[in-house]
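Summary of structural features
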Amino acid sequence: MRRLAAGVTVVTSRHGATVNGMTATAVCSVSAEPPLVLVVVNRSSASHGVIARGRAFALNFLGDDQAQIASYFAGRDGKTFEAAPHRIGATGCPLLEGCAAHLECVVQSQHDEATHTIFVGRVLLAQTSDAAPLAYCDGAFQSLAPISCR
Ligand SMILES: Cc1cc2nc3c(=O)[nH]c(=O)nc-3n(C[C@H](O)[C@H](O)[C@H](O)COP(=O)(O)O)c2cc1C
């Protein structure tokens, strides 16, 4: 899987006073009508319980100048949002500033598979920007360059 280039997101979540964020690349579009996406979350992560109980998450599609934020939210303990400028979205989940896009979702269904849970989210709100997206491949954060097919 390290050979599959993927966009990098921070999945943010909230349940009551508990707010969390985790870096994730196992994110995928499911359908446009209705607008559904999925994220695959390790059940050992703190985010799993917060998403499962809060029934919402936001996908923050990071920009290519946000690799430090990706590394930070790939950590486990003591994460806060103090060092990451953000606002609170409609579902209560943080929306990081400077991202290529945000999707605000409520959990539509969840499916356990081995060590992970697939959360399917219904997209309530979407916002994009001109920021170039951050990618992850071969164990490293990367930026994308366009190629010409002509
Ligand atoms: C590039 C990258 C992609 C990742 N993708 C996922 C993912 O799709 N699903 C997942 O459960 N963990 C993924 N992780 C690991 C989590 O970010 C990591 O376990 C994190 O510490 C979980 O945070 P939490 O325990 O606060 O929720 C990824 C880590 C990196 C560096």
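Located above this text is the structure these notes cover.
The rules we used
- Residues numbered from 1 in each chain as written.
- Predicted model: local features only at pLDDT ≥ 70, side-chain atom pairs only at ≥ 80, totals over all residues.
- Heavy atoms only, no water.
- Near = heavy atom within 4 Å.
- Polar contact = N/O pair within 3.5 Å; in protein donor to acceptor, adjacent residues only side chain to side chain.
- Areas by Shrake-Rupley, 256 points an atom, 1.4 Å probe, with all protein chains shown as cover.
- Helix = DSSP H or I, 4+ residues; strand = E, 2+ residues; numbered from the N terminus.
- Phe/Tyr/Trp six-rings, centres within 6.5 Å; stacked < 30°, edge-to-face > 60°.
- Buried < 20%, exposed > 50% of the residue type's maximum accessible area, 1.4 Å probe, protein only.
- Pairing = 2+ DSSP bridges.
- Axes fitted to C-alpha atoms, helices over the stretch in contact; angles between N-to-C directions.
- Contact = heavy atoms within 4.5 Å.

Moving on to the site of the ligand. Surveying the vicinity of the ligand reveals 18 residues, the closest of which are T23, N42, S47, G75 and K79. Interatomic distance of 2.8 Å between a backbone N/O atom of N42 and an oxygen atom of the ligand. For the ligand, whose free accessible area comes to 650 Å², the fraction covered by protein is 84%. Of all elements in the fold, only strand 3 (18-24), strand 5 (36-42) and helix 1 (46-54) reach the threshold of two or more residues within the shell around the ligand. No other element matches the 4 residues that strand 3 contributes to the shell around the ligand.

What follows deals with the packing of aromatic side chains. In this structure the tally under the stated criterion is 3 aromatic pairs. Ring geometry for F73 against F81: centres 5.1 Å apart, planes inclined by 35°, an arrangement best described as tilted. Per residue, the accessibility class of F73 equals that of F81, and both read buried. Within the aromatic cluster, the residues linked to one another by ring pairs are Y72, F73 and F81.

On to the sheet that holds strand 6 (residues 56-61), then. Within a sheet, adjacent strands bond to each other through the backbone by hydrogen bonds, running parallel or antiparallel. Strand order in the open sheet formed by 7 strands is 3-2-6-9-10-5-4, and the pairing between neighbours is antiparallel. A strand with exactly one partner marks an edge of an open sheet, and here the two such strands are strand 3 and strand 4 (27-31). If you compare each strand with its neighbour and ignore which way they point, the axes differ by 35° on average. Bridge count between strand 4 and strand 5: 4 bridges; the pairing is antiparallel. Counterpart to S29 in the pairing with strand 5 is V37. Contacts between helix 1 and the sheet are confined to strand 2 (9-15), strand 3, strand 5, strand 6, strand 9 (101-113) and strand 10 (116-128), with strand 2 contributing the most and set at about 55° to the helix.

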